[in-house]
Amino acid sequence: MTLSNGRKLFVRHPSNPIVTADDLPYPANTVFNPGAARVGEETVLLLRVEDLRGISRLHVARSTDGFGDWRLDDEALLAPDAGHPEEVWGCEDPRLVYLPELKQWAITYTAYSGRGPLVSLAVTNDFREVRRLGPVMPPDDKDAALFPRRFDGRWVMIHRPAPIQGPANIWISYSPDLRHWGDHSVLLEAREGAWWDAGKIGLGPPPLETDDGWLLMYHGAHQTASGPIYRVGLALLDLDHPEIVLRRSDEWVMGPVTSYESVGDVDKVIFPNGWVLDHDADQLHLYYGAGDSVVGLATARFSEVMAYVKQCPLYHHRRVSDDGTVRNTWAPLSAVAELPGHHEGVL
Ligand code: BMA
């Protein structure tokens, strides 16, 4: 994505890839798709490490500047455990969110069970010890993150179930206690046909609270004759009603371009799971898996990201309950007023 001022929205760090399997204290195949958080004076990456059997675990790396000098723990923080059969084929793709109410970090990750991938939740104070809360969504489901606070007394989670029929959309669900989840509805639909985000989309990093709403980054997996191309776009959700989509980018803002993104265990993939905002410096650091093999870093000016997403097309939710079911979908704002049962959102 090149802005009208000629600059790229996201700029890759010159020392990319910033972490590779060679940085680990044990032999591994690949390291990719990290969650990211600023913890005290350090940036923490929770790396997905795929071992030489093909099974993934989650391993902590720490850096003061968030670019270099990564210090890797001796052992993984979360590795498949005999007491957790839902992780028999691995722990993958974490998203990290600080929950001020619990004074803990929530880790939502993909647990790869013998019956497919599902969403599991764990909590930690410091990324040195971790406590599993167990599966929160049954298979197939992945790409999940919590919002950092409750809305009207309920926790909110974004996730991506894979339906037996039709496109894989992004969903939103609610819980009184982080264990029991319900009121499921579609938040963002995959587009159709030739679009970059047709057929299958999923959340990227956790939703980021801004003055203008919750900033979302999501990936689209565009199918081609040589496999999917994973790119990312942006959306903006209403601050008080996160089920309402205010804006959605028509264009992708970043896609695989460099050699380490174009060729890897899986070619043509960028897959961001984590971002860290330095508000004072106006910098948004985006950590991503490249080619399912290494970790990349791209940085944007936060003010430019917000200016961009705020001029993206307006979208508005409607809520249809004519047959007793409730369904959220999105449509161009101009068409919303004519839709039956449309929901008056906050714009
Ligand atoms: C998705 C996930 C990611 C992976 C991506 C590209 O479905 O499994 O872990 O990075 O595919 O292969």
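The paragraphs below set out a description of the structure included in this document. (Residues numbered from 1 in each chain as written. Predicted model: local features only at pLDDT ≥ 70, side-chain atom pairs only at ≥ 80, totals over all residues. Heavy atoms only, no water.)

### Focus: the pattern of salt bridges
Then, number 1: Scanning the model with the defined rule gives 19 salt bridges in all.
Then, number 2: Residues Arg 191 and Asp 197 are paired through a salt bridge, measuring 3.0 Å at the closest nitrogen-oxygen approach.
Then, number 3: Judged by its relative accessible area of 7%, Arg 191 falls in the buried class.
Then, number 4: According to the relative accessible area criterion, Asp 197 is buried, its value standing at 0%.
Then, number 5: Among the ionic contacts, a cluster of salt bridges with common partners joins Glu 42, Arg 62, Arg 71 and Asp 73. (Salt bridge = Lys/Arg side-chain N within 4 Å of Asp/Glu carboxyl O. Buried < 20%, exposed > 50% of the residue type's maximum accessible area, 1.4 Å probe, protein only.)

### Side note on the sheet that holds strand S12 (residues 170-175)
Then, number 1: An order of S10-S11-S12-S13 is seen for the four strands of this open sheet, with the pairing classed as antiparallel. The sheet is open, and its two borders are formed by strand S10 (141-146) and strand S13 (182-188), each paired with just one other strand. When strand polarity is set aside, the average angle formed by the axes of neighbouring strands in this sheet is 30 degrees.
Then, number 2: The sheet contact formed by S10 and strand S11 (residues 155-161) spans four bridges and is antiparallel. The residue of S11 that forms the bridge with Asp 141 is Pro 161. (Pairing = 2+ DSSP bridges. Helix = DSSP H or I, 4+ residues; strand = E, 2+ residues; numbered from the N terminus. Axes fitted to C-alpha atoms, helices over the stretch in contact; angles between N-to-C directions.)

### Looking at the sheet that holds strand S2 (residues 30-39)
Then, number 1: One open sheet accounts for four strands, arranged S2-S3-S4-S5; its pairing is antiparallel. The outermost strands of the open sheet, each flanked by one partner alone, are S2 and strand S5 (71-72).
Then, number 2: Note: strand S4 (residues 56-63) against S5, two bridges, orientation antiparallel. Residue pairing for S5: Ala 61 is matched across the bridge by Leu 72.

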